[in-house]
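These are the residues of each chain, in order.
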Amino acid sequence: MYRYDEFDEALVRERAAQFRGQVARRLSGALKEDAFKPLRLMNGVYLQLHAYMLRVAIPYGQLDPAKLRQLAMIADRYDKGYGHFTTRQNIQYNWIRLADMPDVLDALADVEMHAIQTSGNCIRNVTSDHLAGAAADEIEDPRPWCEIIRQWSTLHPEFSFLPRKFKIAVTAAETDRAAVRVHDIGLHIRRNGDGEIGFEVIVGGGQGRTPHVGVTIRDWIAKAELLSYLEAIMRVYNRFGRRDNKYKARIKILVNELGPEAFAEAVDTEYAAQGVHEAVLLPQGEIDRITEYFASPDLPERPARSVTFEAARAADPALDRWARVNLRRHRTPGYTSAYISLKSQGEAPGDMTGDQMRVAADIAEQFGFGDIRVAHEQDLVLPHLAIDDLPEVHRRLRDAGLAASNAGLASDLIACPGLDYCNLSNARSISVGNAIQAVFEDPEFEERVGPLHINISGCINACGHHHVGHIGVLGVDKKGEEYYQITFGGRADEKAAIGDIIGPALKGDDVAPALRRVIAAYLDLRKGPGEKFIDAYTRLGPAPFKEALYAVD
Amino acid sequence: MSSARPRLAPETPKMVTAWDTATGRTVYMTPSREWSVNIADGAVLVGAAADDALAFAASDEGRATDPYVMQVSPLGEIDGREIIRETIRAVGPTNHPMFGKQAGNP
């Protein structure tokens, strides 16, 4: 993975020292909250329902054991023993005292981490495919490009005060696991007609109160031109994006108001007008230098099938289920990628204790070539595991309460912190999520239902990605009561779609029973076990699912 | 303020609440204009007294951040349309009861 050079190191250290002074002035009363707030937000510090919350950047979701152990130490020493992994592949701490924040930033800097640009109207953490570098279906590893974009966008003087926050995602696989079509800019690494590798550029996707699926404004652009072209997009947005209304300030509104063709034309005009001194040069030598940091681990040759593993699997139904559900095909025979689900029944989605982080770090170090990823579905992934080692890996995960066998299934739901923690939320997400998980408590039933993404947000800001859940659940406030609006048909993959609002919102206690009826209807209506919920919904439309949702038990 | 709160009529009983500047914990203004993490210590106010208390709170930034008034009953119990939110602020997250004030945490 990428290692800091002396410039990165100095920048992060100086920023932490600067924030230490700002915190001291705030605590002494020399700085008022109005002046301090933008400074703390630039360092990822929010004031949430119960306490200050710190959002730590995990660039493109990449961790190593040292980083994860440090995150565990911060959870134990400065928080209440846990952290919360987010849909932006970051981690949040919910209980840190302001006075401790500078020490936490120093501790992060010790392992080449920080919280810069995890808030504010700037380019946020660049996200990517959590199977990058391991997936059998990718054209090339997208992480070097995430890192190149990260370096270009970090403290970029022209783009530090954009009309609104800005999110970029990169994927390189035909199956989009990075949700690039619902980002401000999505980059899909593709080959052109000549077989050259470059980028499809998708702009104007996003969720929040005005969800949009992004549109392709360039089918393909060469690698060397990427940053200059991104710069042209950002300039058009920075110049024409609305600053008079925060609800209309995202680039999706601009793209929609101008129209994709006019927006693309404006970008092309800006791109063509860039002077030689303005172009962001990206020589092959620099691409190669960054790419070297992401070289595949040296994976010893192994047979494609493991007798050890297959014997263990035959003897242990729990291992067998975990292997069936949580493993993904690796590009190297004899290896696999494994999800560490952070969605055990009754737990807050994405939460992980410090002890669990240390277990995951130890496993990654001993068996996983030191590589750990955060998935935007709020799970961890060990991308490189020898199939021979899976019985021992599973045993250790199980002992740590980390072996939930539900990756990609219904109880592996996404949920924002909701009203239990968030100052903006209208309704709780975690409790309704736990109630929905209980519908799928029987693992055989859950497997029979098959792949299903249920996404829950506590408010219209959509941190829980409800718009793109196969089933979306949005918390709304109705005169002080928690209600939940249900959507069907959303998806965040290469066929991205915004879910259809089905009808009136349901009371909190009614959501799980209603979804139980919807699932029963789906099982009755599907062509067979091979037809996923989302495909059945696409084929049949909302009517039968709506009828089930509002039926009376 | 971090998010918009409902407007309350002058005669509605209310309490001034904020976040402790150093820790971020939920605090309530007491009758002696101190700050307490315990809602039972909070002063129940109406009319101009509530406006005065809120103005004082806004000037007390060294100790309390983002003050606002929340609706309570005449006896100081959480009331009104934000009863769920304010109950969670007062006692802690419902999914992690061991982290909240109901578990004896400050």
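Peer 1: Can you explain the environment of K478(A)? Please cite residues and give values.
Peer 2: Residue and element names in this part refer to chain A. By the secondary structure assignment, K478 is in strand β18 (residues 471-478). For K478, a relative accessible area of 39% corresponds to the partly exposed category. In contact with K478, not counting residues within four places along its chain, are Y483 and A505.

Peer 1: So what's going on with the interface of chain B and chain A? Residues and values would help.
Peer 2: Counting residues at the interface gives 27 residues for chain B, matched by 31 residues for chain A. Between chain B and chain A, a total of about 2600 Å² is buried, with carbon and sulfur atoms accounting for 52% of that surface. Among the residues chain B hides against chain A, the three largest losses belong to E61(B), R81(B) and F99(B). Together they make up 21% of the total. Applying the counting criterion to the chain B and chain A interface returns two salt bridges. As a salt-bridge pair, R81(B) and D477(A) come within 2.2 Å of each other at their nearest N and O atoms. Those elements that provide at least two residues to the side of chain B that touches chain A are β1 (14-20), β4 (64-71) and α2 (83-91) of chain B. When residues of the side of chain B that touches chain A are assigned to their parent elements, the largest contribution, four residues, is made by α2(B). For the side of chain B that touches chain A, the per-class residue count stands at seven nonpolar, 12 polar and eight charged.

Peer 1: Before we move on, can you summarise the sheet that holds strand β5 (residues 91-96) of chain A with the specific residues and values?
Peer 2: As a general point, the strands of a sheet are linked pairwise by backbone hydrogen bonds and lie either parallel or antiparallel. Residue and element names in this part refer to chain A. Strand order across the open sheet formed by five strands is β1-β2-β5-β4-β13, with antiparallel pairing between neighbours. Two strands lie at the open edges of the sheet, namely β1 (45-47) and β13 (351-353), each paired on one side alone. Within this sheet the neighbouring strands show an average axis-to-axis angle of 30°, counted without direction. Two strands pair when backbone bridges link them, and β1 and strand β2 (residues 52-56) are joined in this way by three bridges, in the antiparallel orientation. In the strand pairing of β2, Y46 is matched with M53. On the sheet, helix α4 (residues 101-110) packs against β1, β2 and β5 and is oriented at approximately 15° with respect to β2.

The rules behind each value
- Residues numbered from 1 in each chain as written.
- Chains lettered and ligands numbered in written order.
- Predicted model: local features only at pLDDT ≥ 70, side-chain atom pairs only at ≥ 80, totals over all residues.
- Heavy atoms only, no water.
- Helix = DSSP H or I, 4+ residues; strand = E, 2+ residues; numbered from the N terminus.
- Buried < 20%, exposed > 50% of the residue type's maximum accessible area, 1.4 Å probe, protein only.
- Contact = heavy atoms within 4.5 Å.
- Buried area = accessible area lost by both parts, 1.4 Å probe.
- Salt bridge = Lys/Arg side-chain N within 4 Å of Asp/Glu carboxyl O.
- Nonpolar A, V, L, I, M, F, W, Y, C, P; charged D, E, K, R; others polar.
- Pairing = 2+ DSSP bridges.
- Axes fitted to C-alpha atoms, helices over the stretch in contact; angles between N-to-C directions.

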